[in-house]
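If you want the building blocks of each chain, they are given just below.
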Amino acid sequence: MISGHFDRRSSLLKVGLWVLLIVWTVLVAGLFASDVRHAKAATRNSAVAEARTHFDKDEAIRIWASSHGGVYVPRSEKTPPNPFLSHVPERDIDTPSGRTLTLMNPAYLLREIMESYASRYGVRGHITSLKHFRKETAPDDWEKAALAAFERGAAEIVTFCDFEGKPHLRLMRPMMAEESCLLCHGFQGYKVGDVRGGISVSVPMGEYLERGRADLLIHGISHSILWSVGILGIGLA
């Protein structure tokens, strides 16, 4: 009887140890899964914050240029007179020294700045509209869907997707018609408050994803060590 008593006790201890092993494994796995979710969310939030910062920069430039009615720059092959401003008085003026200046409206100015910024830093900005005149300002399929959503009242569209063959975060907000916009775009039938178009920002996700993988590796190693220490303690017990 004594032998049977010890056998039952030994069996119960073994079952208890296995239960502890399973509970500990599930607990550590749950902690790691939670860390993975938080790390991915932090990566997404950081990318969205960067995209919004770039958008705010582009929007500030556009509003500044619009508040001044555009900017005059020397006419050149790179910056020829805008044919879509031919109806604007004094689109081209001559300085006393004989230099010819041409008016850059806010969209023209912002487009050149965006192209220069993209070539230097890889973050692409795009000013576009369903009523576009240039192929450079034509919306792609994603932008068309975003512009349609703005017409229905959406304030911002954010998507993680492949863009130009690489993972990107794409963000777009509407561009509303203001009184200063009507100087160049009034003939299109826009009224103050109408959705005139939108500004999109495309942020490459390569560096974000690389940092995210490195963080997950560190978290994986730390949780593996934690699990191993727990297993060792249970085994010793």
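Fair warning: this is a prediction, and the values are worked out from it, not measured in the lab. Numbers given to residues run from 1 along each chain, matching the order in which its sequence is written. Local features are withheld for residues below a pLDDT of 70 in this predicted model, meaning they are given only at 70 or higher, and side-chain atom pairs are given and counted only at 80 or more; totals for whole chains, interfaces and linings count all residues. To get the side-chain values, take all heavy atoms of the structure and skip hydrogens and water.

## Brief notes about the overall build of the protein
Counted only if it meets this: A run of H or I in DSSP counts as a helix once it spans at least four residues, and a run of E counts as a strand once it spans at least two, with each numbered from the N terminus. Residue exposure (1.4 Å probe, protein chains only): buried if accessible area is under 20% of the type maximum, exposed if over 50%, otherwise partly exposed. By definition in these notes, contact holds between two residues if any of their heavy atoms fall within 4.5 Å.
Broken down by element type, the protein carries five helices and seven strands. Mapped in sequence order, the helices and strands of the protein form the string α-β-β-β-α-β-α-β-β-α-β-α. Taken across its 237 residues, the protein has 32% of its residues classed as buried. When contacts within the protein are restricted to residue pairs at least 6 apart in sequence, those whose partners lie at least 24 apart make up 63%.

## Some points on the nonpolar core
How we decide: For our purposes a nonpolar core is just a set of buried Ala, Val, Leu, Ile, Met, Phe, Trp, Tyr and Cys residues, chained together by side-chain atoms within 4.5 Å.
Ranked by internal contacts, the top residues of the largest apolar core, which has 17 residues, are Ala51, Ile127, Leu169, Ile199, Val201 and Val203. Among the elements that take part in this core, helix α1 (residues 2-67) stands out by supplying four residues, more than any other. Those residues in contact with Ile127 that sit more than four places away from it in its chain are Arg62, Ala107, Leu110, Arg111, Met114, Thr137, Met175, Gly198 and Ile199.

## Observations regarding the sheet that holds strand β3 (residues 100-104)
Strand pairs in the sheet, formed through backbone hydrogen bonds, run parallel or antiparallel to each other. To keep it simple, the criterion reads: Here, a strand pair is defined by DSSP locating no fewer than two bridges between the strands. Helix axes are fitted to C-alpha atoms over the stretch in contact, other axes to C-alpha atoms as well, and angles between N-to-C directions run from 0 to 180 degrees.
Strand order across the open sheet formed by three strands is β1-β3-β2, with antiparallel pairing between neighbours. The sheet is open, and its two edges are formed by β1 (71-74) and β2 (92-94), each paired on a single side. In this sheet, adjacent strand axes meet at a mean angle of 35 degrees when their direction is disregarded. Here β1 pairs with β3 via four bridges, running antiparallel. Within the sheet, the bridge partner assigned to Tyr72 lies in β3 and is Leu103.

## Some points on the pattern of salt bridges
Cut-off, in case you're wondering: For this document, the term salt bridge refers to a Lys or Arg side-chain nitrogen within 4 Å of an Asp or Glu carboxyl oxygen.
In the structure shown here, the tally under the stated rule is 10 salt bridges. With its nearest N and O atoms 2.8 Å apart, the salt bridge here joins Glu156 to Arg52. On the criterion of sequence distance, the pair formed by Glu156 in the loop between α3 (141-151) and β5 (157-163) and Arg52 in helix α1 is long-range, its members being 104 residues apart. For Arg52, a relative accessible area of 35% gives the class partly exposed. Here Asp92 makes a salt bridge to Arg91, at a shortest N to O gap of 2.8 Å.

## Quick look at the packing of aromatic side chains
Heads up, the condition is: Stacked, tilted and edge-to-face pairs are distinguished by plane angle, under 30 degrees for stacked and over 60 for edge-to-face with tilted covering the rest, among Phe, Tyr and Trp rings (Trp via its six-membered ring) whose centres lie within 6.5 Å. Any Lys NZ or Arg CZ found within 6 Å of a ring centre and within 35 degrees of that ring's normal is scored as a charge over the ring.
Following the criterion strictly, the structure yields one aromatic pair and no others. Geometry around Tyr117 places Lys57 over its ring, the cationic atom sitting 3.9 Å from the centre. It is Arg170 that lies over the ring of Phe163; its NZ or CZ is 4.1 Å from the centre.

## Let's talk about unusual backbone geometry
A positive phi angle is found at Glu90, which is not glycine, with a value near 60 degrees. One can find Glu90 in the loop between β1 and β2. For Glu164, which is not a glycine, the phi torsion comes out positive at approximately 55 degrees. Here Glu164 lies in the loop between β5 and β6 (166-176). A relative accessible area of 61% places Glu164 in the exposed class.

## Overview of the environment of His132
Among the structural elements, His132 can be located in the loop between β4 (124-128) and α3. C-alpha of His132 to C-alpha of Arg196: the two residues are 64 residues apart in sequence and 10.0 Å apart in space.

## Focus: helix α5 (residues 206-236)
Selection rule: One fewer than the residue count of a helix, multiplied by 1.5 Å, yields its expected span.
If you check α5, its first and last C-alpha atoms are 45 Å apart, about what 31 residues at 1.5 Å a residue would give, namely 45 Å. Those residues of α5 lying buried are Tyr208, Gly212, Gly220, His223, Gly230 and Ile234.

## Here's the deal with the side chain of His54
Position of His54 among the secondary structure elements: in helix α1. In this structure, His54 is in contact with Tyr117, Val123, Val201 and Val203, ignoring residues within four places of it in sequence.

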